[in-house]
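Descriptive structure summary
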Amino acid sequence: MRIQLLLAPLLLAAAACHSRDVASAAGPDGGTLVISTPGEPSIAVPLFATTVSDMELGSTIFERLAEPGPDLNTIGDRGYTPALADKWTWGPDSLSIAFHIDPRAHWQDGAPVTARDVRFTFEAYRDPASGSIVTPLLTGIDSVSVRDPATAVFWFHRRYPQQFFDASYQMYVLPAHLLSGMQHADIRTSSFARHPIGSGPFRFSRWIAGTLVEVVADTARQRGRPRLNRIIWSVAPDYVASVTRLLAGDADFLEYLRPEAIAALRKHPEIKRLHYPSLSQGYLVFNLRDPDHAGRPNPIFGDRGVRRALTMAVDRRRLVANVFDSLGAVAIGPEVRAQSTADTTIPMLPFDPAHARALLDSLGWRDSNGDGVREKDGVPMRFTLMAPTASAIRIRTTVLLQQMFAKVGAKAELQQLEFNLFQQREQQRKFDAAINSMTFDPSPATIRQVWGSEAARDPSGANIGSYENPAFDALLDSAVNQFDPARSKALYRRAYATLIADAPAIWLYEPVNTVGVNQRVHPVGMRADGWWVNLAEWYIPADERIARDRVGLASLSP
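Residues numbered from 1 in each chain as written. Predicted model: local features only at pLDDT ≥ 70, side-chain atom pairs only at ≥ 80, totals over all residues. Heavy atoms only, no water.

**Overview of the sheet that holds strand 9 (residues 212-217)**
Strands sit in the order 8-9-10-1-11-23-12 across an open sheet of 7 strands; the sheet is mixed. Of all the strands in the sheet, just strand 8 (202-208) and strand 12 (271-275) have a single pairing partner and so form its edges. (Pairing = 2+ DSSP bridges. Helix = DSSP H or I, 4+ residues; strand = E, 2+ residues; numbered from the N terminus.)

**Points about the pattern of salt bridges**
For the structure on display, the rule yields 20 salt bridges. Arg 78 is paired through a salt bridge with Asp 71; the nearest N and O atoms lie 2.7 Å apart. For Arg 382, the salt bridge identified is with Glu 413, shortest N-O distance 3.4 Å. Of this pair, Arg 382 sits in strand 19 (residues 382-388) while Glu 413 sits in strand 20 (residues 411-417), and the two are 31 residues apart along the sequence. For Glu 413, a relative accessible area of 34% translates into the label partly exposed. (Salt bridge = Lys/Arg side-chain N within 4 Å of Asp/Glu carboxyl O. Buried < 20%, exposed > 50% of the residue type's maximum accessible area, 1.4 Å probe, protein only.)

**Side note on the side chain of Arg 527**
By the secondary structure assignment, Arg 527 is in the segment after strand 23 (514-518). A distance of 3.1 Å separates polar atoms of two side chains, one belonging to Arg 527 and the other to Glu 67. Engagement of the side chain of Arg 527 in a polar contact is seen with the side chain of Asp 529, the distance being 2.9 Å. In contact with Arg 527, not counting residues within four places along its chain, are Arg 64, Glu 67, Pro 68, Gly 69, Leu 72, Tyr 169, Tyr 276, Val 533 and Asn 534. (Polar contact = N/O pair within 3.5 Å; in protein donor to acceptor, adjacent residues only side chain to side chain. Contact = heavy atoms within 4.5 Å.)

**Let's talk about the pairing of strand 1 (residues 32-37)**
A large share of strand 1 lies buried, amounting to 6 of its 6 residues. Side chains Thr 32, Val 34 and Ser 36 project from strand 1 onto one buried face, and the interleaved Leu 33, Ile 35 and Thr 37 project onto a second face that is buried too. Across 6 bridges, strand 1 lies against strand 10 (residues 230-235) in parallel orientation. Among the inter-strand pairings, Val 34 is bridged to a residue of strand 10, identified as Ile 232. Relative to strand 11 (residues 253-254), strand 1 runs parallel, the two sharing 2 bridges. Bridged to Ser 36 within strand 11 is Leu 254.

**Some thoughts on the sheet that holds strand 16 (residues 328-330)**
With mixed pairing, the 6 strands of this open sheet are ordered in space as 16-22-13-21-19-20. With partners counted over all chains shown, the strands left at the sheet margins are strand 16 and strand 20, one partner each. Here the average twist between neighbouring strands, direction ignored, is 30 degrees. Pairing of strand 13 (residues 280-286) with strand 22 (residues 505-511) involves 4 bridges; the strand directions are antiparallel. In the strand pairing of strand 22, Val 285 is matched with Ala 505. (Axes fitted to C-alpha atoms, helices over the stretch in contact; angles between N-to-C directions.)

Spelled out as structure tokens, the structure:
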């Protein structure tokens, strides 16, 4: 698995070069890509993105200062290519980086992109009131100044390995001239959030709630127009409907194939399967605080021993084989195999139901009335296990977990919620336990967003389980700030081991990313941090286009 994941970016890069050669001979740019999705984006502004769908949409409209190469390097600036910035210069003491904005860069309303936009963007992302999940990752940056209209200078509190990555990758630049008149938090509910104006390869076109979102090519873009005329996210009511649209030819792309969908593809040679490296993970998160009284510990999960016992009740290998067949791998802990610090040798809590039962007995949780459910001080070991109805994977996972928990005397009551309500409950921390899914960015420092104490104290932070451990925080800070790769990896290992021992979650699976795409569509450069990052380079050869591809830009919705 490790070898496959490391080689995949290189293979994709080689394929990308070949694809460009083919495309140049295939005819002029154009065509429509229809993406079938059961998950509608919630917002188009990356500042507030919390789901993969949000990032897919936002990244077509907005841009970063620079983009990493296929190996997703996060140390220094090796391999990075210009985006909004055409060049950059490090300060003599490495405590500053000056980014020069491409003089051709402009917003889609015609205004030039300036260093003021970069400063505004940093201040918006850093503002806790914005509620961005990226905020905890920007603590190493002190400020951004405007040297001149074309030069934004990032100033850092200290030298650390990921300075360039944090400045260039974590934020998509926003238009200050359109947003600086409002509070950062108010951008979320402004008209701009649903009708954004960016500087990216595509312009926002229209959004029909529950039906579709459309972007169209920006033909005046400074680095050249994208190769597609438009992209449409076609929102289906559920996964089965998404697959049906792909197989019927009503859609061209489906970002995740489950085993039953792959079986159906055998009758559809026009649909090809592609694999790409995964930065995604699924896990059960325990809420360590009482959902009804946030100032109190959870009456069940506030006890570290209980969490450890429930973890040992779960046969993760059987669960992954049952849910994914060959399209998933057992999680290796609070990291994923595609990250540079991945360590498959860190011990996980073992599957040991007998030990789990003995531990719960020792903690005073016993089934005194013979109903199969343990209790302690009159409190039954009964809790809700939440999952979104849009994800059959997570729904199936809850069913298996319910059965496994029952064998040690814990009653999990399944709670299946519409996706937006599921997200709301998680963000408000109004849940007992939930099956969560996360897509990491390439940096292992991402873990600070999910398990760091600062994120737990932030009401809008991604640490929805409210886990706090100063020892973990200290180890993680040391790992992030260590320049020696070997010592950094050793510190990450100790941090991960601390987290695993505390069991604030049960790390369950990594999906094997498998997409379905019509043969006529030629994807380019799908990266582990997002299959969508190079959508501007995807193309449909002229001789393979169908009726919807032949719609000219002049005919598309404004």
